[in-house]
Amino acid sequence: MGSRASTLLREEEIEEIKKETGFSHSQITRLYSRFTSLDKGENGTLSREDFQRIPELAINPLGDRIINAFFPEGEDQVNFRGFMRTLAHFRPIEDNEKNKNSSASEPLNSRTNKLLFAFRLYDLDRDDKISRDELLQVLRMMVGVNISDEQLGSIADRTIQEADTNGDNSISFNEFIKVPPVDGEQDY
Amino acid sequence: MNKLKCLEKSKCNFTNILLVLNALSLGCWCVLLLLFVSVASAGRDVDSGSNDTGRNPAPEDSHHQTNSTHHKKAFPVLSFNFDHVRKPFEISLWILLALLMKLGFHIIPRVSHVVPESCLLIVVGLLVGGIIKAFDEDAPVQMLDSKFFFLYLLPPIILDAGYFLPMRPFTENLGTILVFAVVGTLWNAFFIGLTMYGVCQIEAVKLGRVDLLSCLLFGSIVSAVDPVAVLAVFEEIHINELLHILVFGESLLNDAVTVVLYHLFTEFSHKGTVTVADAFLGVVSFFVVSLGGILIGAIYGIIGAFTSRFTSHSRVIEPLFVFLYSYMAYLSAEVFHLSGIMSLIACGVVMRPYVEANISHKSYTTIKYFLKMWSSVSETLIFIFLGVSTVAQPHPWNWTFVVVTVVVCFVSRVLGVVSLTYIINKFRIVKLTKKDQFIVAYGGLRGAIAFSLGFLLPDNEMKQLFLTAIITVIFYTVFVQGMTIRPLVELLAVKKKKESKGSINEEIHTQFLDHLLTGIEDICGHYGHHHWKDKLNRFNKAYVKKWLITGERSTEPQLISFYNKMEMKQAMMLVESGSAAKLPTIMTPVSMQNIQPKEPLKRRAIPSISKSREQEIRKMLRGNLQKTRQRLRSYSRHDLMVDPFEEDVSEVRLRKQRVEMERRVSSNSAANKQSQPWISKQQLGKDNNIP
């Protein structure tokens, strides 16, 4: 993966990405040009600083977590394949895909995988449960600094109370799925 | 057991029958009074002078009369002067009739399940109109005259719809709704107009006199989907939110198109010739009408929101501001021939979030109930009058014209919806399925707006024929389509509205996803729906809220206000169910200190008892001890008395918070704690105090 060669996207790579993520040819090329425009260091990978340079992301309360979601465990750079793989979660479900045989592994943008992605944004320590403290952290990010801890605490308590069915005082993935889905899950 | 059931059923039936008879007899009395009134009015011209002696006596006349009648008539103890109150009396009687009918329908459960209310009301109107006509051929039964309809009957319904418009689904589907409203209505109007013109040209129909512009005018009147009818029918079938907002949004937004087309064709038919410049001006006027209407509505909305910022000392008049500003928005738009409906909706939508943050809870309830009440009455009256006015017209019946109109309306609607959906689906993420398309096409009901517009037509020979055709289309859509849409919805297994209770979970989840998707959109460099919504929200928070919302609430995040609303609702439910007493009233000074840092001092010292207990105690004291002189509070009609209900509500909330505090304290001490950097000092301090 020489630095010059990877700036041009080869046909085989496009085909592979297409198969893996399901994006169309034109979408992949468009996203590639976006990738290269973000990649200021021109080394074929993005670092966290490249993401943070996007102005709107800096004021987004969930900005840091979203950026983290792009980087696999412990790494600091993400290449184009990884970039596409994360973005593939947000592709809308096509009608013709619903008929695919179930023997193939579940496509990246199935509903479960989308919800899993969102769940992982809450659940930082990856213990498959959203504890009260993780919920408090997210709430604090979304609400700002003017609200007292107690008020946030009671909101968090109430949220867990509503969603928790097995009484372990935290929200597992199965309980998370049961919250009625909102239309805004898809993008593009 | 069976015997009991039988007996109960027959008793039930008997009670039902009795109630129905009561309602019917009351209704009959109303009708009879109404007849009497109309007869009296018809005969008014004949004996004009006899009842007016009290009002404007010519001096020498009365003198003469008193002189001559001095010995004949005694002082009239009881006199009859009906003209004095005639108009309000009639109006009240009509409204009373409408409401009694509404009551009566719900007593007969089987009928109201099959037939939508609107149909029954039209039938009642027909009956009443027939009765009045039978008694008196010339009675002025034209109730649905346009001024009355457009100025008094229509605004409450539209305001109710606009104020409670669900913003989220509306904005998410705005593109689709606009395409249906604008392009769909245009297509309908032209297709119907041209087809009818073609039909009229056929020799056999004998309608060769009808020219193209009249047909186009007719097409533009009959093409618009009517919000009143849609509301009336769709409300009873509880269809899913997406379809509801599509059809309903379309019916609201096509008003601009209808207004423009109507005025356009009326002007053209006066002028006689149409040039390209005129057509171009027509397109421009469409934009002016719709955007101008929205602008006027938004201005009035902002003024209304700003006014509500200062009403904290006169809570009683708060609801009136909302109503009056909205009505003025409607009237102002009508002055300039802009779209009044769009102005009304824009006003309600703009005003609502700020007003709701400013007004008291009671005012909010008042607004809600008054709007629902007025819109309900208006709707009922509209349908009854539709029936009555049908009877009032002479109806030149031309089979071909009318039947073809009905068929063409239906066909053009289906074609329009199908082809537009095909185009729209290329841009939508959640595609519209065939079932959705069918419901949207089938739900295109015509109603009273078409009829009133037809009434405004210039009086030529075609007017009666057009009116007949319009009425037939309205009847067809309301009766046939209205009655069959419910079984069709069941048959096609269309998704119904899910009964969600608005949990805090959903709200958090929604906001979370909003932020997430905005972030992803920014990464992709794609300026889509979420990006602009986010920008609008930021602008709103940074600038607008500061101006329009009083005090602290201007900086309150949406999540917190949502949470507070839910807590309030729950507390009220608890109070109403009377279980407030069941909450334990543990009071430890530590927990109270922690949660009520801002509470005034006296709450901690005195054990609080409910208002009713206090009154009991007072009653006991008064009864058994010497008469104590109670200090009378200064009474003013304009003050709202302290409501024991609200006191109970706030008390329940307090108690709940205390209980939760206790629970958390005990659970924290029991669970094993990991080091968490954000535990506040208060929590740490609390933990140390647990024995």
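Residues numbered from 1 in each chain as written. Chains lettered and ligands numbered in written order. Predicted model: local features only at pLDDT ≥ 70, side-chain atom pairs only at ≥ 80, totals over all residues. Heavy atoms only, no water.

- Looking at an unreviewed UniProt entry, chain B carries the name Sodium/hydrogen exchanger, with the source organism given as Sphaeramia orbicularis.
- The Sequence similarities (unreviewed entry) comment attached to chain B in UniProt states, word for word, "Belongs to the monovalent cation:proton antiporter 1 (CPA1) transporter (TC 2.A.36) family."
- Note on chain B: under the UniProt heading Subcellular location (unreviewed entry), the record states "Basolateral cell membrane". (UniProt positions renumbered as here; feature names shortened; annotations may be inferred.)

- Chain A carries the name EF-hand domain-containing protein in an unreviewed UniProt entry, which gives Sphaeramia orbicularis as its organism.
- In its Sequence similarities (unreviewed entry) section, the UniProt entry covering chain A states "Belongs to the calcineurin regulatory subunit family. CHP subfamily."

### Structural notes on the overall build of chain A
Turning to step 1, where the next piece is worked out: Helix and strand content of chain A: 10 helices and 4 strands.
Turning to step 2, where the next piece is worked out: Shown N-terminal to C-terminal, the secondary structure of chain A runs as helices and strands in the order α-α-β-α-α-α-β-α-α-β-α-α-β-α.
Turning to step 3, where the next piece is worked out: When the 188 residues of chain A are sorted by exposure, 46% land in the buried category.
Turning to step 4, where the next piece is worked out: Taking as baseline every contact in chain A between residues at least 6 positions apart, the subset at least 24 positions apart corresponds to 56%.
Turning to step 5, where the next piece is worked out: On chain A, roughly 9800 Å² of surface is accessible, and the fraction owed to carbon and sulfur atoms is 49%. (Helix = DSSP H or I, 4+ residues; strand = E, 2+ residues; numbered from the N terminus. Buried < 20%, exposed > 50% of the residue type's maximum accessible area, 1.4 Å probe, protein only. Contact = heavy atoms within 4.5 Å. Areas by Shrake-Rupley, 256 points an atom, 1.4 Å probe, with all protein chains shown as cover.)

### Let's talk about the interface of chain B and chain A
Turning to step 1, where the next piece is worked out: With 47 residues of chain B in contact, the opposing surface of chain A contributes 54 residues.
Turning to step 2, where the next piece is worked out: Both faces combined, the contact of chain B with chain A buries some 4700 Å², and carbon together with sulfur accounts for 65% of it.
Turning to step 3, where the next piece is worked out: Summed over the three residues of chain B that lose the most area to chain A, namely His509, Phe512 and Ile523 of chain B, the buried surface amounts to 15% of that side.
Turning to step 4, where the next piece is worked out: In this assembly, chain B and chain A are joined by 0 salt bridges.
Turning to step 5, where the next piece is worked out: The interface formed by chain B and chain A includes 1 residue pair in polar contact (both at pLDDT 80 or more). (Buried area = accessible area lost by both parts, 1.4 Å probe. Salt bridge = Lys/Arg side-chain N within 4 Å of Asp/Glu carboxyl O. Polar contact = N/O pair within 3.5 Å; in protein donor to acceptor, adjacent residues only side chain to side chain.)

### So, the nonpolar core
Turning to step 1, where the next piece is worked out: Membership of the largest hydrophobic core comes to 131 residues, with the highest contact counts inside it found for Trp94, Phe149, Leu154, Phe218, Phe234, Ile239 and Phe401 of chain B.
Turning to step 2, where the next piece is worked out: Ranked by the residues each element gives to this core, the list is headed by helix α11 (residues 241-271) of chain B, at 16 residues.
Turning to step 3, where the next piece is worked out: Each of domain 1 (1-113) and domain 2 (146-492) of chain B accounts for three or more of the residues forming this core.
Turning to step 4, where the next piece is worked out: Residues in contact with Leu154 of chain B, not counting those within four places in the same chain, are Phe149, Val228, Tyr330, Ile341 and Ile449 of chain B.
Turning to step 5, where the next piece is worked out: By size, the runner-up hydrophobic cluster in this structure holds 59 residues, among which are Leu31, Phe35 and Ala118 of chain A together with Leu559 of chain B. (Core = buried A, V, L, I, M, F, W, Y, C linked by side-chain atoms within 4.5 Å. Domains from an automatic or database assignment.)

### Notes on the domain arrangement of chain B
All names here are of chain B.
Turning to step 1, where the next piece is worked out: Splitting chain B by domain gives domain 1 (1-113) and domain 2 (146-492).
Turning to step 2, where the next piece is worked out: Of the roughly 710 Å² buried between domain 1 and domain 2, counting both surfaces, carbon and sulfur atoms make up 75%.
Turning to step 3, where the next piece is worked out: The largest share of the area that domain 1 buries against domain 2 comes from Trp94, Ala98 and Lys102, three residues that together contribute 56% of it.
Turning to step 4, where the next piece is worked out: Viewed at the interface, domain 2 and domain 1 are joined by 1 residue pair in polar contact (both at pLDDT 80 or more).
Turning to step 5, where the next piece is worked out: Mapped by element, the contributors of at least two residues to the side of domain 1 that touches domain 2 are α3 (86-107) and α4 (109-114).
Turning to step 6, where the next piece is worked out: A total of 5 residues in the side of domain 1 that touches domain 2 trace back to one element, the largest contributor, which is α3.
Turning to step 7, where the next piece is worked out: For the side of domain 1 that touches domain 2, the per-class residue count stands at 4 nonpolar, 2 polar and 1 charged. (Nonpolar A, V, L, I, M, F, W, Y, C, P; charged D, E, K, R; others polar.)

### Re the confidence of the model for chain A
Residue and element names in this part refer to chain A.
Turning to step 1, where the next piece is worked out: Across chain A, the average pLDDT comes to 72, with 79% of residues at or above 70.
Turning to step 2, where the next piece is worked out: Within chain A, helix α2 (residues 25-38) carries the highest mean pLDDT (82), whereas helix α10 (residues 173-178) carries the lowest (76).
Turning to step 3, where the next piece is worked out: Throughout residues 1-6 the model reports pLDDT below 50, and contacts reaching past four residues in sequence, or to other chains, amount to 4 contacts.
Turning to step 4, where the next piece is worked out: Low pLDDT, under 50, characterises residues 95-105; the predicted model gives this stretch 3 contacts beyond four residues in sequence or across chains. (pLDDT = per-residue confidence, 0-100.)

### Considerations on unusual backbone geometry
Turning to step 1, where the next piece is worked out: One non-glycine residue, Asp128 of chain A, lies in the positive phi region at around 65°.
Turning to step 2, where the next piece is worked out: Mapped onto the fold, Asp128 of chain A is located in the loop between α7 (111-122) and β3 (129-130).
Turning to step 3, where the next piece is worked out: When its relative accessible area of 53% is taken as the criterion, Asp128 of chain A is described as exposed.
Turning to step 4, where the next piece is worked out: Although it is not a glycine, His337 of chain B adopts a positive phi angle of roughly 60°.
Turning to step 5, where the next piece is worked out: Positionally, His337 of chain B belongs in the loop between α13 (318-335) and α14 (340-358).

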